[in-house]
Amino acid sequence: MSNRIDFLNGLKEMTDENLAARIKEDELRLKKLKFAHAVSPLENPMNIRALRRDLARLKTELNKRKKSGK
């Protein structure tokens, strides 16, 4: 739980450009993880779920900023 709070606090300090770059990086990491899992099972497949949720949090924060900026 504490990790999620730290993650969310870190998002508020990031700029829009940093958020967009982090989203692209995480999307690439997610693709690589999914491919690796399809080829051979991962040691901890819950990493895929955690990364997917973090990616959703990043996108949500970016969308909030875009809507409030209008």
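Rules of the game
Residues numbered from 1 in each chain as written. Predicted model: local features only at pLDDT ≥ 70, side-chain atom pairs only at ≥ 80, totals over all residues. Heavy atoms only, no water. Salt bridge = Lys/Arg side-chain N within 4 Å of Asp/Glu carboxyl O. Core = buried A, V, L, I, M, F, W, Y, C linked by side-chain atoms within 4.5 Å. Buried < 20%, exposed > 50% of the residue type's maximum accessible area, 1.4 Å probe, protein only. Helix = DSSP H or I, 4+ residues; strand = E, 2+ residues; numbered from the N terminus. Contact = heavy atoms within 4.5 Å. Expected span 1.5 Å × (residues − 1). Patch = residues over 30% accessible without salt bridge, like charges linked within 9 Å, V, L, I, M, F, W, Y side chains within 5 Å. Areas by Shrake-Rupley, 256 points an atom, 1.4 Å probe, with all protein chains shown as cover. Lys, Arg positive; Asp, Glu negative; His and termini not counted. Charge placed at Lys NZ, Arg CZ, Asp CG, Glu CD.

Visitor: Quick rundown of the pattern of salt bridges? Include the residues and the values.
Guide: According to the stated counting rule, one finds 6 salt bridges in the structure shown. Salt bridges sharing common partners tie together Asp-16, Glu-61 and Arg-65.

Visitor: Give a detailed account of the nonpolar core, specifying residues and quantitative values.
Guide: The biggest cluster of nonpolar side chains holds 10 residues, and these are Phe-7, Leu-11, Leu-19, Ile-23, Leu-30, Ile-48, Leu-51, Leu-55, Leu-58 and Leu-62. Taken together, the elements giving at least two residues each to this core come down to helix H1 (2–13), helix H2 (16–39) and helix H3 (46–69). Here this core takes 5 residues from H3, the largest share from any one element. Ignoring any residue separated from it by four or fewer positions in sequence, one finds Ile-48 in contact with Leu-30, Leu-33, Lys-34, His-37 and Leu-42.

Visitor: Could you give an account of H2, naming the residues involved and the relevant values?
Guide: Here H2 spans 35 Å end to end across 24 residues, near enough to the 34 Å set by a 1.5 Å rise per residue. Among all positions in H2, only Leu-19, Ile-23, Asp-26 and Leu-30 are buried. Where H2 is buried, its residues touch H1 and H3.

Visitor: Report on the side chain of Glu-61, specifying residues and quantitative values.
Guide: Tracing the backbone through its elements, the reader meets Glu-61 in helix H3. The residues contacting Glu-61, other than those within four sequence positions of it, are Leu-11, Lys-12 and Leu-19.

Visitor: Mind laying out a positive patch on the surface, listing which residues take part and the relevant values?
Guide: The grouping of Lys-34, Arg-49, Arg-52 and Arg-53 at the surface amounts to a positive patch. No other element matches H3, which puts 3 residues into the positive patch. Along the polypeptide, Arg-53 turns up in helix H3.

Visitor: Before we move on, can you summarise the environment of Leu-11 with the specific residues and values?
Guide: When you line up the elements, Leu-11 lands in helix H1. Owing to a relative accessible area of 2%, Leu-11 belongs among the buried residues under this scheme. C-alpha of Leu-11 to C-alpha of Glu-61: the two residues are 50 residues apart in sequence and 7.4 Å apart in space. In this structure, Leu-11 is in contact with Leu-19, Arg-57, Leu-58, Glu-61 and Arg-65, ignoring residues within four places of it in sequence.

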